[in-house]
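# Notes for the structure review
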Amino acid sequence: MKKTVFLGALTVAGLAAGLVSAGTLDDVKARGKLNCGVTTGVPGFAEPDANGVWQGFDVAVCRAVAAAVLGDNMAVEFVPTTGKTRFTALASGEIDLLARNTTWTMSRDVDLKFEFVGVNYYDGQGFMVPASLGVSSAAELDGATVCIQTGTTTELNLADFFRANGISYEPVPIETGSEAAQLFLAGSCDVYTTDRSALAAQRANFPNPDDYVVLPDVVSKEPLGPLVRHGDNDWGDIARWTLNALITAEELGVTSDNIAEMAAGTNNPEINRLLGSEGTLGEMLGLDAEWAKRAIMSGGNYGEVFESNIGAATNIGLSRGLNAQWKDGGLIYSPPFR
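Here the residue numbers are simple positions, counted from 1 along each chain's written sequence. In view of the model being predicted, local features appear only for residues whose pLDDT reaches at least 70, and side-chain atom pairs are presented and counted only at 80 or more, with totals across whole chains, interfaces and linings using the full set of residues. Water and hydrogen atoms play no part in the side-chain values, which are based on all heavy atoms of the structure.

## Here we look at the state of the cysteines
In protein chemistry, a disulfide is the covalent bond that joins the sulfur atoms of two cysteines. Which entries qualify depends on this criterion: Two cysteine sulfur atoms form a disulfide, by the criterion used here, when they sit within 2.5 Å. The way it works is that DSSP assigns letters per residue, a run of H or I at least four long becomes a helix, a run of E at least two long becomes a strand, and they are numbered from the N terminus. Think of it in three bands: with a 1.4 Å probe and only protein chains considered, a residue is buried below 20% of the maximum accessible area for its type, exposed above 50%, and partly exposed in between.
Enumeration according to the criterion identifies two disulfides in this entry. A disulfide bridge connects C36 with C62, and the sulfur atoms are separated by 2.1 Å. On the sign convention where negative is left-handed, the bridge of C36 and C62, at about -60 degrees about the S-S bond, is left-handed. Of this pair, C36 sits in strand β1 (residues 34-39) while C62 is found in helix α3 (residues 57-70), placing the two residues 26 residues apart along the sequence. In this pair, the class of C36 matches that of C62, namely buried. C147 shares a disulfide with C189; S-S distance 2.1 Å. Across the disulfide from C147 to C189, rotation about the S-S bond amounts to roughly -100 degrees, and the bridge is consequently left-handed. In this pair, C147 is assigned in strand β9 (residues 144-149) and C189 in the loop between α7 (177-185) and β11 (191-195), connecting sequence segments 42 residues apart.

Following this line, the structure appears as structure tokens:
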């Protein structure tokens, strides 16, 4: 098992190393679309609607990058990936950007040769159980069967938690979140564990959500964010500063409703630099002056994207919590646009 994982890591790292000289920006422009890796389907984060159009919190990052680079937020080819296939898809060049509830870890950054361009959701691993199970803490789950998605940090966190608490479990390996939800609802496992945001999203779409409980335990840090290949720093800068543009827009009060007016010029120099009415920030990225304006107009600022896809008014109903702006006691924070 360890040998297989090691060789898999070498394969991904080798693929990434072979592509470091590629100019992703030029490839995307020549292709006329962004190839963006997403999950196979997590409500509120990434899933196709009834018309097959991809929607969600992570999808918004892909669309913002496409708007910044190509001037069209619909110029995206969404590539569904699993926990096992996502890194190979990115390393091989099948996708240009991975925006798929992926945790920033040292091994993924250093060993697998990927560049995380920021954090768009601060999360932690949790556990969901049927209310009828009658437990109030994950420490009470000795001997439980647990649905767990393979190829994720969740596997290691689960093993660490049960070992540290001196209890046992039986893993039920699954490939996708939708498969886990189906098995969990069918009673094939006592527990479903993954990021708490994904648990809330899946639970909200169950036929009887009140029959299931997300336990209060948070057993890990899961800083989730988009990533690109190591070595193409120009492309990494574009993805990073597009995400930062959404975050900064919320901080500065730039919204989808007032952006047209603000783009004409304001008394705030940072807003002017962000929206391109002064300065040369777009030129530094190899883009035009209105790249960030288009990215923000794609789906709104960070707060608008959060609220419209996963916020309190949606059926998923997530509060901002750690994902509030730094001025509001959260961790969402962008370096300055200057």
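## What about unusual backbone geometry?
Positive phi outside glycine occurs at N101, with the angle close to 20 degrees. Its place among the elements puts N101 in the loop between β5 (97-98) and α5 (106-111). A positive phi angle, near 65 degrees, is found at K113, a position not held by glycine. As for its placement among the helices and strands, K113 is situated in the loop between α5 and β6 (114-116). Taking relative accessible area as the criterion, K113 reaches 34% and is therefore assigned partly exposed.

## As for the environment of V135
Defined as follows: Contacts: residue pairs with any heavy atoms within 4.5 Å of one another.
Turning to its location among the elements, V135 is positioned in the loop between β8 (125-130) and β9. On the accessibility criterion, V135 (19% relative accessible area) is buried. Taking the C-alpha atoms as reference, V135 lies 35 Å from G303; in sequence the two are 168 residues apart. For V135, the contacting residues outside a window of four places in its chain are V129, E140, L141 and L215.

## Description of the sheet that holds β11
Cut-off, in case you're wondering: A pair of strands counts as paired when DSSP detects no fewer than two bridges linking them. Axis angles are defined between N-to-C directions and span 0 to 180 degrees, where every axis is a line fitted to C-alpha atoms and, for a helix, only to the segment in contact.
Strand order in the open sheet made by the five strands is β10-β9-β11-β8-β12, with mixed pairing throughout. The open sheet has two edge strands with one neighbour each: β10 (169-174) and β12 (212-214). Averaged over all pairs of adjacent strands, the angle between strand axes in this sheet comes to 30 degrees, irrespective of strand direction. Bridge analysis of β9 against β11 gives two bridges, and the strand direction is parallel.

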